[in-house]
There are 2 protein chains.
Amino acid sequence: MNAAMSASKEARFLKSALDERGARTPTEDVRAWLAARNRDVGVRVARTRLSQMRDWALDDATGRIRHASGKFFSIDGIRVATNWGAHPEWAQPIINQPEIGFLGCLAREFDGVLHFLIQAKVEPGNVNCVQLSPTLQATKSNYTRVHHGKSPKHLEWFLDRARARVLLDQLQSEQGARFLHKRNRNVIVEIDEDLPPDPDFAWLTLGQIKHLMADDNLVNMDLRTVVSGIPFGQDDVRREPASFAEAMRASALAGPRALMAFDDLISWFTGQKVRYELQVTPCDLRAIADWELTDDELRHRQGRFFRVIWVDVEISNREVTAWQQPLVEPVGEGLLAFVVKRIHGVHHFLVQAKLECGNFDVLEFAPTVQCITGRYDKPEWNVPFLDYVLNARPDQIRYDVRQSEEGGRFYREQNRNLLVEADESFPVACPENYQWMTLNQLLTFGRFNNYLNIQARSLLSTLRFA
Amino acid sequence: MNAAMSASKEARFLKSALDERGARTPTEDVRAWLAARNRDVGVRVARTRLSQMRDWALDDATGRIRHASGKFFSIDGIRVATNWGAHPEWAQPIINQPEIGFLGCLAREFDGVLHFLIQAKVEPGNVNCVQLSPTLQATKSNYTRVHHGKSPKHLEWFLDRARARVLLDQLQSEQGARFLHKRNRNVIVEIDEDLPPDPDFAWLTLGQIKHLMADDNLVNMDLRTVVSGIPFGQDDVRREPASFAEAMRASALAGPRALMAFDDLISWFTGQKVRYELQVTPCDLRAIADWELTDDELRHRQGRFFRVIWVDVEISNREVTAWQQPLVEPVGEGLLAFVVKRIHGVHHFLVQAKLECGNFDVLEFAPTVQCITGRYDKPEWNVPFLDYVLNARPDQIRYDVRQSEEGGRFYREQNRNLLVEADESFPVACPENYQWMTLNQLLTFGRFNNYLNIQARSLLSTLRFA
């Protein structure tokens, strides 16, 4: 795969991930900047009623909630049939957003270190208003200006490829339990030009971004997914890692020492896709027995999973400063956990092949434990490895931070992101829908469409290498 | 990607592709065997009427033609909307076969050379009755015995992975203009056991299979797709190739000398998938204005594209010896052509990102020219590079053979497979939905789901390396 040609790009990403001292803005100043933006940007989000929404309404013919333009997204009903998991059939609302949007970062080298142009961005559903976001975060409706607002800043670098060098450009999926077949274009392009200063933007190294991921809800989902796709090359360093961070770096670079050959992982995943079937058919939201649509909200009758609410939004520094929209509010917190274990001298991640109803291609690679909404600790859920990660000793926990899901669609949704290092006694043998992979193998799959789910990517993005 | 671990597997594939002399059965004997099987296997295929089909009928509620069991496949109607190509909207019948079947080859080493267990198989739509086929060719309905027949021979090696070593195991797509989201599992597993002799099977080297692909319609589509996925490793041999076959081998192994870096190809394809949209919705076959369903056939009113016919089949050596089924009959022959050109000392293939309505993921890599059904030479079709390949000088034509499509679904469908070596004057610059790739790059994409379409794979499978 042109290792020689891409080596320099990958080495530059690794350097940026290791280097916090080479940063233009000290990390503490970044926190101060965010605090200042939180003071300066005016935000108001208030519940409203469906009947008070000017441009959103239930479409009587199809039974879905849509925007008058037919753009942005809609809330649809689906019926699901599958032979995966404990529930062979159900119906649920889902967000249908067939457009592919941009999640784009501008990159630039300063003093020999790659920096990324990060935006302090407010989304209506954010738990803490301003979060660190990619340079550009725009749906097609957004950047083709269906909303008649201003064009998003820096869009031109991503539309006109002749002006910038592409470092990364992947289609990646979003939450399969909430979105129907949703994908975004994750892009990093490098420029050499000076940009005029802008209070909403700052240049950070990759090491700084990863450092800031140690804070709850500071780095938004979109920036985490862009960061998760960054490759670091391949190597066969056999030096003993002095820390967990060095072990992660070795796993990212790990060449031939993986437990399972790459083609054998492909074969395993092929078998999983043949074994499990997923059938999704559209249905009228009003015809879903377990869900109830009122003027206030769309909710599960037993209060489970999530509800859809309608909100009035005002945000002072956006292309359009006031609008209305539906938001999805979870009923509880979720848990995302990877179990990591040293095998043959290299750290491996215990990866689950998981089916979610909105998945583009049946199954994707998920963290060892993924329970999106609450009540995962009830015994009837019987989630493999859940007890292990919840009962890990403090010295096994390598990461434990709350991270937000996308505040443009989800209202104050956060998940506990957990990384647990298994000790010697943890078995290498695992259930048929799990497999141990090095970080390098996971990143190789990540270059292709619809392998790693967003929860797996979110956790991988947080790994520090120094 | 574990180059060291897989090198030996890939080197063994390459050796088998180069070696015809090491073969157990001389290639001429294979031809004689096929001729004998053609004499010995009784085949009768006769047109019938829809009303005479015992288990197939139009489903009045959904307007599709289905088997009483709900298994095998159905003929559905779809409406298509897209911004790709000259036709933004149309409706058509399509084969809906959501099950993933096996296309499997057993492999075994004899005297240090890998051989593949090839079946002489008759399908009702075959133009010449017996064709060389994989060891196992079975839909899920087939191998779960919905038809209450015998279990397919050698199935057990593919179901119980503990008994054999997996050499290849990929999900690959089928014809996107005829099948809705169809995929098959392409598998090669290696065994060490002796198998009892069977008149329907013979062990051939990869070189022999490729040699026999120089004959019209001898190697069936299913074997061509399994062969197309075989990897040969990576190398950077800079020796001047002495022949076109050696140039193909160099392109299969080509390391860093490709025109475009692999990640840049991913970026280009990401851009194509963002740009082009495909919407497919089911519809009643009877509601398609341009198509007419009669007791005799389902046909386009102007006689274009294809028609669906109903047939009585008797084949003496199958698990079930008599049955009825629909078959798709094309109205004309198609053309599949790759333009190949030496760039930076390595041969590159001019690959098209092509949308077809049944594609699983909007676009796949197709040959430079792909016109599935007739009339492609009318000027209004305006197919890029068509004139070039049709007017190539004899010394530019490296391959020109008629190959059949799958005779289990298609009635006597064959396409002209053409490989044209462009000369110096052929421009490297190409339209935005085309890209030059080495064979090694194509094979790397082929390891992942839904990149190379079946027409591209069919052509690549025919390449000889010696």
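This structure is a prediction, so every number in the text was calculated from the model and none was measured.

Reading the values: the criteria
- Residues numbered from 1 in each chain as written.
- Chains lettered and ligands numbered in written order.
- Predicted model: local features only at pLDDT ≥ 70, side-chain atom pairs only at ≥ 80, totals over all residues.
- Heavy atoms only, no water.
- Helix = DSSP H or I, 4+ residues; strand = E, 2+ residues; numbered from the N terminus.
- Buried < 20%, exposed > 50% of the residue type's maximum accessible area, 1.4 Å probe, protein only.
- Contact = heavy atoms within 4.5 Å.
- Areas by Shrake-Rupley, 256 points an atom, 1.4 Å probe, with all protein chains shown as cover.
- Lys, Arg positive; Asp, Glu negative; His and termini not counted.
- Charge placed at Lys NZ, Arg CZ, Asp CG, Glu CD.
- Phe/Tyr/Trp six-rings, centres within 6.5 Å; stacked < 30°, edge-to-face > 60°.
- Buried area = accessible area lost by both parts, 1.4 Å probe.
- Salt bridge = Lys/Arg side-chain N within 4 Å of Asp/Glu carboxyl O.
- Polar contact = N/O pair within 3.5 Å; in protein donor to acceptor, adjacent residues only side chain to side chain.
- Nonpolar A, V, L, I, M, F, W, Y, C, P; charged D, E, K, R; others polar.
- Disulfide = S-S within 2.5 Å.
- Least-squares fit on C-alpha atoms with pLDDT ≥ 70 in both.
- Pairing = 2+ DSSP bridges.
- pLDDT = per-residue confidence, 0-100.
- Axes fitted to C-alpha atoms, helices over the stretch in contact; angles between N-to-C directions.
- Parallel < 35°, antiparallel > 145°, perpendicular 65-115°, else oblique.

Peer 1: I'm lost on the overall build of chain A in this one. Help?
Peer 2: Helix and strand counts for chain A stand at 11 helices and 24 strands. In terms of overall dimensions, chain A has a C-alpha envelope of 65 × 55 × 40 Å along the principal axes. With 466 residues in all, chain A has 62% of them scored as buried. Counting only contacts in chain A whose residues sit at least 6 apart along the sequence, the fraction spanning at least 24 positions is 72%. Total accessible area on chain A is roughly 17,600 Å²; 49% of this is exposed by carbon and sulfur atoms. One way to put it: in chain A the 57 positive side-chain charges average out to a point 1 Å from where the 61 negative ones average out.

Peer 1: What is the right way to look at the packing of aromatic side chains in this model?
Peer 2: Between two aromatic rings, the relevant description is the distance of the centres plus the angle of the planes. Residues and elements named next belong to chain B. Enumeration according to the criterion identifies 48 aromatic pairs over all chains in this entry. Considering the side-chain rings of phenylalanine 110 and tryptophan 203, the 5.4 Å spacing of their centres and the 65 degrees angle between planes classify their relative orientation as edge-to-face. Within this pair, whereas phenylalanine 110 is found in strand S6 (residues 101-110), its partner tryptophan 203 is found in strand S12 (residues 201-205), the two being separated by 93 residues in sequence. On the accessibility criterion, phenylalanine 110 (12% relative accessible area) is buried. Exposure remark for tryptophan 203: the relative accessible area of 11% places this residue in the buried category. When the ring of phenylalanine 262 is compared with that of phenylalanine 445, the centres are 4.4 Å apart and the planes differ by 25 degrees; the resulting orientation is stacked. Note that phenylalanine 262 is positioned in helix H8 (residues 262-275) and phenylalanine 445 in helix H10 (residues 439-446), a separation of 183 residues in sequence. Overall, the relative accessible area of 1% leaves phenylalanine 262 in the buried class. The class of phenylalanine 445 is buried, set by a relative accessible area of 0%.

Peer 1: Can you help me understand the interface of chain B and chain A in this one?
Peer 2: By a widely used convention, the size of an interface equals the accessible area lost when the partners come together. Every contact between the two is made by 42 residues of chain B and, on the other side, 42 residues of chain A. Interface area for chain B against chain A, summed over the two sides, is near 3,600 Å², with a carbon-plus-sulfur share of 50%. On the surface where chain B and chain A come into contact, there are 8 salt bridges. A salt bridge links aspartate 263 of chain A to arginine 447 of chain B; its shortest N-O distance comes to 2.6 Å. There are 18 residue pairs in polar contact (both at pLDDT 80 or more) connecting chain B and chain A. If you list the elements that add at least two residues to the side of chain B that touches chain A, you get helix H1 (3-18), helix H3 (140-143), strand S10 (165-173), strand S11 (183-190), H8 and H10 of chain B. Of all the elements, H8 of chain B adds the most residues to the side of chain B that touches chain A, at 10 residues. The residue inventory of the side of chain B that touches chain A, partitioned by class, reads 18 nonpolar, 10 polar and 14 charged.

Peer 1: What's the story with the state of the cysteines in this structure? I'm lost.
Peer 2: What we call a disulfide is simply a covalent bond connecting the sulfur atoms of a pair of cysteines. On inspection of all chains with the given rule, the structure shows 0 disulfides over all chains. Looking at the unpaired cysteine 283 of chain A, the closest cysteine sulfur is the one in cysteine 357 of chain A, lying at 11 Å.

Peer 1: When you look at the relation of the copies chain B and chain A in this model, what are you seeing that I'm missing?
Peer 2: Copy one and copy two of the chain differ by a rotation about a common axis and a shift along it. Of the transformation superimposing chain B on chain A, the axial component is 0.0 Å and the angular component is 180 degrees, with the fit at an RMSD of 0.0 Å. Interpreted geometrically, this transformation is the action of a two-fold axis. Distance from the rotation axis, computed per C-alpha, reaches its smallest value in chain B at phenylalanine 448 of chain B: 3.7 Å. Interface residue correspondence from chain B to chain A reaches 100%, placing this contact among same-surface, isologous pairings.

Peer 1: Explanation requested: the pattern of salt bridges in the structure shown.
Peer 2: Any two side chains of opposite charge can pair, so long as their charged atoms come close to each other. Applying the stated rule across the entire model yields 84 salt bridges over all chains. For the salt bridge of aspartate 361 of chain A with arginine 183 of chain B, the shortest nitrogen-to-oxygen distance reads 2.5 Å. Pair noted here: aspartate 361 of chain A is in the loop between strand S19 (346-355) and strand S20 (363-366) and arginine 183 of chain B is in strand S11, and the two residues belong to different chains. Looking at aspartate 361 of chain A, the relative accessible area reads 4%, which means it is buried. With relative accessibility at 4%, the residue arginine 183 of chain B sits in the buried group. Arginine 398 of chain B is the partner of glutamate 421 of chain B in a salt bridge, and the nearest nitrogen-oxygen pair spans 2.6 Å. Here glutamate 421 of chain B is found in strand S23 (residues 414-421), whereas its partner arginine 398 of chain B is found in strand S22 (residues 397-404), with 23 residues between them in sequence. Overall, the relative accessible area of 17% leaves glutamate 421 of chain B in the buried class. Look at the salt bridges and you will find they share partners, linking Arg47, Glu292, Glu297, Arg299, Arg301, Arg307 and Glu329 of chain A into a network.

Peer 1: I would appreciate a short explanation of helix H7 (residues 244-253) of chain B in the present structure.
Peer 2: Since the α-helix packs 3.6 residues into each turn, any two residues three or four apart lie on the same face. Among the 10 residues in H7 of chain B, 7 count as buried, and that is most of the element. Within the sequence span of H7 of chain B, burial applies to Phe244, Ala245, Ala247, Met248, Ser251, Ala252 and Leu253 of chain B.

Peer 1: Mind showing me how you'd approach the environment of leucine 350 of chain B here?
Peer 2: Residues and elements named next belong to chain B. Mapped onto the elements, leucine 350 comes out in strand S19 (residues 346-355). Note: C-alpha distance between leucine 350 and glutamate 421 (71 residues apart in sequence) is 11 Å. Ignoring any residue separated from it by four or fewer positions in sequence, one finds leucine 350 in contact with Phe338, Val339, Pro367, Thr368, Phe385, Phe426, Cys430, Tyr434, Gln435 and Trp436.

Peer 1: Where do I start with the environment of tryptophan 157 of chain B in this structure?
Peer 2: Residues and elements named next belong to chain B. Relative to the elements of secondary structure, tryptophan 157 occurs in helix H4 (residues 155-159). Separated by 52 residues in sequence, tryptophan 157 and cysteine 105 place their C-alpha atoms 9.8 Å apart. Each residue touching tryptophan 157, except ones within four places of it in the same chain, is listed here: Leu106, Arg163, Ala164, Val189, Ile191, Glu193 and Leu195.

Peer 1: How do you make sense of the pairing of strand S15 (residues 297-300) of chain B when you look at a structure like this?
Peer 2: If a strand is regular, its side chains alternate between the two faces of the sheet. Residue and element names in this part refer to chain B. Sheet topology note: the strand S14 (residues 291-293)/S15 ladder contains 3 bridges and is antiparallel. Looking at the pairing, glutamate 292 lines up with arginine 299 of S15. Taken together, S14 and the strand that follows it, S15, pair antiparallel across an intervening segment of 3 residues. Note that S15 and strand S16 (residues 306-315) share 3 bridges and pair antiparallel. Residue pairing in the sheet places glutamate 297 in a bridge with isoleucine 309 of S16. Taken together, S15 and the strand that follows it, S16, pair antiparallel across an intervening segment of 5 residues, in which glycine 303 is found at a positive phi of about 70 degrees.

Peer 1: Please clarify how the confidence of the model for chain A should be interpreted in this entry.
Peer 2: Detail in the predicted coordinates should be disregarded across regions flagged by low pLDDT. Residue and element names in this part refer to chain A. Averaged over every residue, the pLDDT of chain A is 92; the share at 70 or more is 96%. Considering only residues more than four positions removed or in separate chains, one finds that residues 1-7, a stretch of pLDDT under 50, has 19 contacts. Predicted complex metrics record ipTM = 0.91 and pTM = 0.93.

Peer 1: Before we go on, may I ask you to explain the side chain of serine 74 of chain B in this structure?
Peer 2: Residue and element names in this part refer to chain B. Relative to the assigned elements, serine 74 resides in strand S4 (residues 74-82). A relative accessible area of 4% means that serine 74 is categorised as buried. Of the polar contacts made by the side chain of serine 74, one reaches the side chain of aspartate 76; its length is 2.8 Å. When residues no more than four places from it in sequence are discounted, the contact partners of serine 74 are Arg64, Ile65, Arg66, Ile94, Ile95 and Asn96.

Peer 1: Looking at this model, I keep getting lost on the environment of glutamine 455 of chain B. Mind explaining?
Peer 2: Along the chain, glutamine 455 of chain B falls in helix H11 (residues 454-461). Judged by its relative accessible area of 2%, glutamine 455 of chain B falls in the buried class.

Peer 1: Explanation requested: the packing of helix H6 (residues 221-228) of chain B against H11 of chain B in the structure shown.
Peer 2: How two helices pack is summed up by the angle between their axes together with the distance between the axes. Residue and element names in this part refer to chain B. At a closest axis distance of 8 Å, the pairing of H6 and H11 adopts a crossing angle of 80 degrees. When the axis of H6 is compared with that of H11, the two are roughly perpendicular. On H11, the residues that touch Met221, Arg224, Thr225, Val227 and Ser228 of H6 are Ile454, Arg457, Ser458 and Ser461. Among the residues making up the contact of H6 with H11, the classes are represented as 3 nonpolar, 4 polar and 2 charged.

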